[in-house]
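What follows is the residue order along each chain.
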There are 6 protein chains.
Amino acid sequence: MSPIPHNIIQSQVSQALEEDIGSGDVTASLIPHNNQSTAHLICREEAILCGQDWFNEVFKQLDKSVKLNWHVQDGERLSNEQCICTISGHSQTILTGERTAMNFLQTLSGTASITQTYVAQLKQSSENQIKLLDTRKTIPGFREAQKYAVRCGGGYNHRHGLFDGILIKENHIMAAGSITNAVKSARMNSSHTLKIEVEIETLDELQEALTARADILLLDNMDNEMLQQAVELNQQFKQHQAKLEVSGDITIARLSKLALINIDYISTGAITKNINATDFSLRFEHFNLENLNSCPQIN
Amino acid sequence: MSPIPHNIIQSQVSQALEEDIGSGDVTASLIPHNNQSTAHLICREEAILCGQDWFNEVFKQLDKSVKLNWHVQDGERLSNEQCICTISGHSQTILTGERTAMNFLQTLSGTASITQTYVAQLKQSSENQIKLLDTRKTIPGFREAQKYAVRCGGGYNHRHGLFDGILIKENHIMAAGSITNAVKSARMNSSHTLKIEVEIETLDELQEALTARADILLLDNMDNEMLQQAVELNQQFKQHQAKLEVSGDITIARLSKLALINIDYISTGAITKNINATDFSLRFEHFNLENLNSCPQIN
Amino acid sequence: MSPIPHNIIQSQVSQALEEDIGSGDVTASLIPHNNQSTAHLICREEAILCGQDWFNEVFKQLDKSVKLNWHVQDGERLSNEQCICTISGHSQTILTGERTAMNFLQTLSGTASITQTYVAQLKQSSENQIKLLDTRKTIPGFREAQKYAVRCGGGYNHRHGLFDGILIKENHIMAAGSITNAVKSARMNSSHTLKIEVEIETLDELQEALTARADILLLDNMDNEMLQQAVELNQQFKQHQAKLEVSGDITIARLSKLALINIDYISTGAITKNINATDFSLRFEHFNLENLNSCPQIN
Amino acid sequence: MSPIPHNIIQSQVSQALEEDIGSGDVTASLIPHNNQSTAHLICREEAILCGQDWFNEVFKQLDKSVKLNWHVQDGERLSNEQCICTISGHSQTILTGERTAMNFLQTLSGTASITQTYVAQLKQSSENQIKLLDTRKTIPGFREAQKYAVRCGGGYNHRHGLFDGILIKENHIMAAGSITNAVKSARMNSSHTLKIEVEIETLDELQEALTARADILLLDNMDNEMLQQAVELNQQFKQHQAKLEVSGDITIARLSKLALINIDYISTGAITKNINATDFSLRFEHFNLENLNSCPQIN
Amino acid sequence: MSPIPHNIIQSQVSQALEEDIGSGDVTASLIPHNNQSTAHLICREEAILCGQDWFNEVFKQLDKSVKLNWHVQDGERLSNEQCICTISGHSQTILTGERTAMNFLQTLSGTASITQTYVAQLKQSSENQIKLLDTRKTIPGFREAQKYAVRCGGGYNHRHGLFDGILIKENHIMAAGSITNAVKSARMNSSHTLKIEVEIETLDELQEALTARADILLLDNMDNEMLQQAVELNQQFKQHQAKLEVSGDITIARLSKLALINIDYISTGAITKNINATDFSLRFEHFNLENLNSCPQIN
Amino acid sequence: MSPIPHNIIQSQVSQALEEDIGSGDVTASLIPHNNQSTAHLICREEAILCGQDWFNEVFKQLDKSVKLNWHVQDGERLSNEQCICTISGHSQTILTGERTAMNFLQTLSGTASITQTYVAQLKQSSENQIKLLDTRKTIPGFREAQKYAVRCGGGYNHRHGLFDGILIKENHIMAAGSITNAVKSARMNSSHTLKIEVEIETLDELQEALTARADILLLDNMDNEMLQQAVELNQQFKQHQAKLEVSGDITIARLSKLALINIDYISTGAITKNINATDFSLRFEHFNLENLNSCPQIN
């Protein structure tokens, strides 16, 4: 089985190919039909690899005879100029699929890499096991792929959508009348398999949410001092301790301070709403299939 | 008609909604069915607006009774704290659609805004009418939307895919035997409505491509001095002048220098392969429909 | 917004219409194009109504000019011979759509009605607020519709699929080595918004699961006496009480006994894997639009 | 080729998997990726098997390496505790696909089994070759699958939809003015490959329909005595004998009486609008591939 | 309701628009967004109109504000230079949709017109009510549209596909062993709503098929004399008369002879496998909405 | 890779099969499941072959075990009674797929053959290398297939749709104010990879278009004499020569004259808007697999 349901990968790849190829690759006719190539996929910077299944699927949908031999796996660290995959088959197919395959790889590896930067900073600063979480701030249509990239980078996934997590925000509270009412109503009407998370901005709201026995508190836009107080109030609450998640103004710089506070999760939209594509390059060796499965010497 | 074919917008929105809502919004039940809200869409930084049609389509697919009143149009400049749209209708719908609608807007406005930064730098540095072009390095499945965002930011589109432009690259030349053969073969076999562009890296290649009467030359990874020589060689070529496009190592910093060289186009993947989401916020006024269509006072 | 995401309803209805109409209704040509009818939808037995949105969508997809006027709402109790909806419009449309619309209504009302029978029996037997839950044993492709029908009948939904609830069964435990390991692993790797449920068959397993702090215990195939012991062990466990769900051999007859045990949930596949279609009838008044919106006299 | 067009099976299975798996099986991560299992599919009651192609397709869509070895074929009679299939492959795949595969099998075998009960009762009561027919009262979206199940149970299919059979009902007759006009109009306008069936409720209508040379008469809601008269009138009609189909109030109990009347077909919605799922169970043997293709001893 | 199921029309139009517009109409930007036009659809030769619903759907999918005012209806006879529809709305939309809309109209009117030529020839030659039938020799993906065009031209439809008619051909007979066996088997296993048609090439086969009580005989590739004998043998057969359908070498020239033979149907692939597009033209009146709904003077 | 993007072929074939098979082939049950056949595909007239990939895809989608052995390739010339392919596999599959597969082949070979007739006439009349072009006047939904057929017949493709070529027609010129404005605006706003083509009807317009430096001139509805003048004016224009395309009233008869004029392209809708299906026949050898891969003796 795929890391994410395979029908999602198939559908994303087929749409990307349609978008790029449309009525046909008008330059491909310059390449003789039976011309074969070997090409080496090179990473041009330090990064975390993510997107193999999408890259493979691009060539599978174009031409099942193309062979891909990966030298590293998703989630592994790549160094500059590292050869990560050797591709062999019809030159036409490789050239036609190249851009689409690379677009998946560079986008997803970009997300995995920035996630890993956050996670490494967090681990370096403390031995607290604070988990870095993503959000629903994603590129439309690409969420499950990006959430997989977050996992490849060492992060964890918050809810995948509105369907698999209850998050009571300011407007839900206003509509329900109070945090107490909102939590009670959620517990009554929602699936018993889902925890109840409440977004709070003040310590009074924290007290009310704890009393209502919310399972998770999302501490939004609090400064470090206020977060420390929130942690203490939660610990002092006898009957029930909630999990604490922190969001708002999460920068790499601030992580070393946050790492010292006894919270459970930090969530940030920045790792998925922004993209910094990883730089990859595909280098061809023409008419020579002997080196298949081995990387070229790089000096 | 839409700025891009409407079926593309419909399909992207319906996929994004399925991805986010799946089997249902489990928190929405906290909001009474008949509760109505007015909400104001605020931009939180300077930016170029892009994505109205996607934003509108999100709410149209969820609930046709929601009303949106835009105060600016795609392509216009936004200032920090500017109210750009007033939304009115069922609170449930607005809350359920909020994230998906915002994800489109923040992604596309991000692309329009960075494009505008490049274009402004280019215009400021020279009166040459050099056009900034995008590439095929895009987020998979999102290309047409991103290319529209580039236009909103004042950029121009290179080919949309492999189907609407001939770009002869190094591998095509190797397969054809020479630039001369490649251009000849392309002219013979391709649609007469398409120009022929050749990627070149040396001045010798430029001479050969001019002699073969390529319509456009993509000068890849040349430094400014070499570009200047290329421009002169092209001008001296009697029978035929090609259009000149420059790519490789295009940074904001370098644009002021490039602007002084007499080239026609600069193309860069950075404006579409990287995303820096624009910051928007949706602010609710509950139970009060009177202010519909006007923005709140902001002090 | 619809009770379930509208795209699911649209898609189910369009497939059902394609299945029934295919290349066309070959008997419809007997009805003149401009012939108009009023028809009354009658329930032929006591039941709980479910399926209005699907019924409406059938006619909307065929011909937007057909008008439907409902006299009761989903979730309400119907009596024998009650008129529940008046339909008016082109006779051709009403006859062509009749069977498909009825198939949705009879299937979903059947599920709502049997659910209501279980729930009523449970409420009558005790004041315990035990919730009746459905399962994933559903008609393929029809799950969200059936889960909505369960809610209409007064039941509650267990997880909608494998994506929104963790249920550790015997085979997961075998693979993980022990209940302790399985719960620990699930807590480490799964979304923090999801509770952890463990299926257990013995009191020893119950002790281990409580110690591992599973959130919910699924007590499978235990007799009433053993269930009573399980409840007591859970209450005596100091640090943590789990929610208790009972499954296996759930019959109407047994509900009165189960209602006296202090459990939280009873789940049963019977309400969704079996269907007992409710009996509805559509009665036409031809060529007479005067009685629109009012039901005929029934004596 | 499949028993029904394979695209229908593919589409139903892919929808059922999407419905169940959605963004991913959150419990599957407890099972190591490379863990292999053998599992035995056991029938827990007497039944007629139906649904192999759907069951196979579920695993094929998830993971082509899973092997299924069936010991009986669709349409065969199953006994309680009979092992009917041995499945071998990745434990993750088998657990993820189990419920969806079982849902198809239990639903379709339920329809085949109830059909077989009707057919057996009919055959036992008489040597008349009366065929048991289904109707268009089916689960929406599942009709072709159910009609195949009816065939597996020994029944026959009435028309598959509005497209492959002319059935003139009361409302068509009213619109056409008379049975005579309706039959004439149908003969004029419909495909010459389709027979013309008329629903009648009285013996006068039968006379008129015979005179109009309807090919099939659907005798609806007639008691046994009236049916006997209808048979005799039909036999006495010189120029033309119609085929006689009986519907309305068809119970198992009444079949022994109906079997003695010289009719051609009995049609009933009960076998497809109601579902009584057959009880199957999947039993795992972990880490042991040796018994593949053979069933375990059951004592 | 549409003349054929509306989902077929929607899907054909949306595919045709995607095929033609793809990533966008690159010439449309020459037309100002708010420019309005009136255009007149003119027929350039004598023809039968067919395809209004497809023509309308093209503009509806592009822009609901375009208005179409038809002056004739599908199935009516058109003369050279006749104005048949006035279109008014955004000039961009009309120009973008023009070709796709015209392609539907010219193709379908072509089929209707050639059909009408056959039918007129048949009617002129005799008062026999021989029906002209189409076949399954159609443009792939366009069959239902073409069969509708055949009806507009005065022809009748043979079966729509393999699903709604039994046609026993030479290979079926060989597999079944004999015509007798084949008819018997078909009667046993097929829906009772379908007639049984047998393709025969000799008079011996005709005798066998009549004895087996086939409902329809397809007399393939017989000359007129042999057809006359076939008609007589059928009339002399006491117990049963079959309907007689003639196919093979059906030309306009031969129709006058065939019309004198007492057969029931003539079927020919020529009217749907060949296309002779009708010539239409769209003439614009710019910037002038006053003449909407009236045709221009043509002198 | 396929001659045209494979997803287009897959989708066209699956739609054609659904259209023909629908709920199932009701005559197929006459053929035993395990019956195997060899069949020979024969061409019944002189023609150019086109459509192999579609023909293959039909059988692949039905049953992967069917084997096809082609004796000629797309684009090759066929003679009457030539055996072009041998098919071997389940008789049921071959019979069920026959019509759909043949419909693709006969339609596309028809287009290739008529194109070849035009091209041959052009070549025979002159040594000018005038290319024959198709247009956007195609069967809706079938354009890419038809454009491939044109290439098989020796023709060339004009733009594939509105997305890959700029063609400024009369209405665009009216909206832009003049040819000069229209060309300028197109050059400003369109992709630099696309040439600019202008449709002109007079020599004055030709002068204006040349002055505006249009890349291609579409000389519409000019007689041969005026065409000759247009060629001369173009040659005399110092700064710039445009490519010349001729359309309007293009008949086989006129080609020999046109071939003598020094134009570049001739475009005609007739080769794709009209269809003259090529006659193919499928001949079965039953129960005999020995002759697989060899054609039968034809005398």
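About the criteria used
Residues numbered from 1 in each chain as written. Chains lettered and ligands numbered in written order. Predicted model: local features only at pLDDT ≥ 70, side-chain atom pairs only at ≥ 80, totals over all residues. Heavy atoms only, no water. Buried < 20%, exposed > 50% of the residue type's maximum accessible area, 1.4 Å probe, protein only. Helix = DSSP H or I, 4+ residues; strand = E, 2+ residues; numbered from the N terminus. Pairing = 2+ DSSP bridges. Right-handed = clockwise from strand over helix to strand, strands pointing away. Contact = heavy atoms within 4.5 Å. Buried area = accessible area lost by both parts, 1.4 Å probe. Salt bridge = Lys/Arg side-chain N within 4 Å of Asp/Glu carboxyl O. Polar contact = N/O pair within 3.5 Å; in protein donor to acceptor, adjacent residues only side chain to side chain. Axes fitted to C-alpha atoms, helices over the stretch in contact; angles between N-to-C directions. Parallel < 35°, antiparallel > 145°, perpendicular 65-115°, else oblique. Left-handed = near helix turned anticlockwise from the far one by under 90°. Nonpolar A, V, L, I, M, F, W, Y, C, P; charged D, E, K, R; others polar. Phe/Tyr/Trp six-rings, centres within 6.5 Å; stacked < 30°, edge-to-face > 60°. Least-squares fit on C-alpha atoms with pLDDT ≥ 70 in both. Domains from an automatic or database assignment.

1. Description of the pairing of strand β10 (residues 243–247) of chain C
Residues and elements named next belong to chain C.
At step 1: The buried fraction of β10 amounts to four of the five residues, a majority that puts the element mostly inside the structure.
At step 2: Relative to β10, strand β9 (residues 216–220) runs parallel, the two sharing five bridges. Looking at the pairing, L218 lines up with E245 of β10.
At step 3: Chirality of the crossover, the property in question, places the unit of β9, helix α8 (residues 224–236) and β10 among those that are right-handed.
At step 4: Alignment of β10 against strand β11 (residues 265–267), held across three bridges, turns out to be parallel.

2. Quick notes on the interface of chain A and chain B
At step 1: At the junction of the two partners, chain A supplies 58 residues and chain B supplies 58 residues.
At step 2: Across the interface of chain A and chain B, roughly 5,000 Å² is buried in total on both sides, 57% from carbon and sulfur atoms.
At step 3: When the area that chain A buries against chain B is broken down by residue, the three leading residues are E19, L30 and L162 of chain A, summing to 15%.
At step 4: The salt bridge involving D20 of chain B is made with R143 of chain A; its shortest N-O contact spans 2.5 Å.
At step 5: One can count 25 residue pairs in polar contact (both at pLDDT 80 or more) joining chain A with chain B.
At step 6: The set of elements that each furnish at least two residues to the side of chain A that touches chain B consists of α1 (6–21), α3 (91–125), α4 (143–152), β7 (166–168), α5 (170–176), α6 (179–189) and β12 (280–286) of chain A.

3. Comments concerning the packing of helix α1 (residues 6–21) of chain E against helix α3 (residues 91–125) of chain E
Residue and element names in this part refer to chain E.
At step 1: Running from N to C, α1 and α3 cross one another at 130°; their axes reach a closest spacing of 10 Å. The angle between the axes of α1 and α3 places the two elements in the oblique class. Judged by the twist between their axes, the crossing of α1 over α3 is right-handed. Between α1 and α3, the residues in contact are Q12, V13, A16, L17, D20 and I21 and T96, R99, T100 and F104, respectively.
At step 2: Considered class by class, the residues forming the contact of α1 with α3 number five nonpolar, three polar and two charged.

4. Thoughts on unusual backbone geometry
Residues other than glycine predominantly adopt negative phi, and peptide bonds predominantly adopt the trans conformation.
At step 1: With a phi close to 70°, E81 of chain B is a non-glycine residue in the positive phi region.
At step 2: The backbone of D249 of chain C shows a phi angle near 55°, a positive value even though the residue is not glycine.
At step 3: Tracing the sequence through the fold places D249 of chain C in the loop between β10 and α9 (252–258).

5. Remarks on the arrangement of the chains
At step 1: Chain B shows no contact with chain D. Their nearest C-alpha atoms sit 8 Å apart.
At step 2: What separates chain C from chain F at the closest point of their C-alpha atoms is a distance of 8 Å, and the two make no contact.

6. Here we look at the packing of aromatic side chains
At step 1: For the coordinates displayed, the defined rule picks out 27 aromatic pairs over all chains.
At step 2: Residues F55 of chain A and W70 of chain A carry aromatic rings whose centres are separated by 5.4 Å and whose planes lie at 75° to one another, so their mutual orientation is edge-to-face. With F55 of chain A in helix α2 (residues 52–62) and W70 of chain A in strand β3 (residues 67–70), this residue pair connects regions lying 15 residues apart in the sequence. Across this residue pair, the class does not change: F55 of chain A and W70 of chain A are buried.
At step 3: For the pair F55 of chain D and F59 of chain D, a centre-to-centre distance of 5.6 Å together with 55° between the ring planes defines the contact as tilted.

7. Looking at the relation of the copies chain B and chain F
Superposition of the two copies of the chain requires a rotation about an axis together with a shift along that axis.
At step 1: For the match of chain B to chain F, the screw axis carries a shift of 0.0 Å, the RMSD comes to 0.1 Å, and the turn is 180°. On the angle and the small slide along the axis, the relation comes out as a two-fold axis.
At step 2: When the interface residues of chain B are mapped onto chain F, 100% of them again fall at the interface, so both copies present the same face.

8. A closer look at the sheet that holds strand β7 (residues 166–168) of chain B
Sheet strands associate in pairs through backbone hydrogen bonding, adopting either a parallel or an antiparallel arrangement.
Residues and elements named next belong to chain B.
At step 1: Spatially, β6-β11-β10-β9-β8-β7 is the arrangement adopted by the six strands of the open sheet, whose pairing is parallel. Of all the strands in the sheet, the pair left with one neighbour each is β6 (131–133) and β7. Within the sheet, the average angular offset between the axes of one strand and its neighbour, ignoring direction, is 25°.

9. Comments concerning the domain arrangement of chain A
All names here are of chain A.
At step 1: According to the domain assignment, chain A consists of domain 1 (6–116 + 276–291) and domain 2 (117–273).
At step 2: Between domain 1 and domain 2, the C-alpha centre-to-centre distance is 37 Å.
At step 3: Where domain 1 abuts domain 2, roughly 1,400 Å² becomes buried across the two surfaces, and 67% of that area is made up of carbon and sulfur atoms.
At step 4: Within the residue set of the side of domain 1 that touches domain 2, elements represented by two or more residues are α1 and α3.
At step 5: At nine residues, α3 tops the list of elements feeding residues into the side of domain 1 that touches domain 2.
At step 6: Its residues placed into classes, the side of domain 1 that touches domain 2 shows nine nonpolar, seven polar and one charged.

10. A look at the side chain of D74 of chain F
Residues and elements named next belong to chain F.
At step 1: Positionally, D74 belongs in the loop between β3 (67–70) and β4 (77–78).
At step 2: There is a polar contact of 2.6 Å between the side chain of D74 and the side chain of Y148.
At step 3: Beyond its immediate sequence surroundings of up to four residues, D74 is in contact with L49, C50, G51, Q52, Y148 and C152.

11. Details of the interface of chain B and chain F
At step 1: Taken together, the contact pairs 21 residues of chain B with 21 residues of chain F.
At step 2: Here chain B meets chain F over a buried area of about 1,700 Å², counting both sides, of which 55% is carbon and sulfur.
At step 3: On the chain B side of the interface with chain F, the three residues burying the most area are H192, T193 and K195 of chain B, jointly 39% of the side's total.
At step 4: Along the contact surface separating chain B from chain F lie zero salt bridges.
At step 5: Put simply, the parts of the chain that give the side of chain B that touches chain F at least two residues each are β6 and α6 (179–189) of chain B.
At step 6: Here the residues of the side of chain B that touches chain F are counted per class, giving seven nonpolar, six polar and eight charged.

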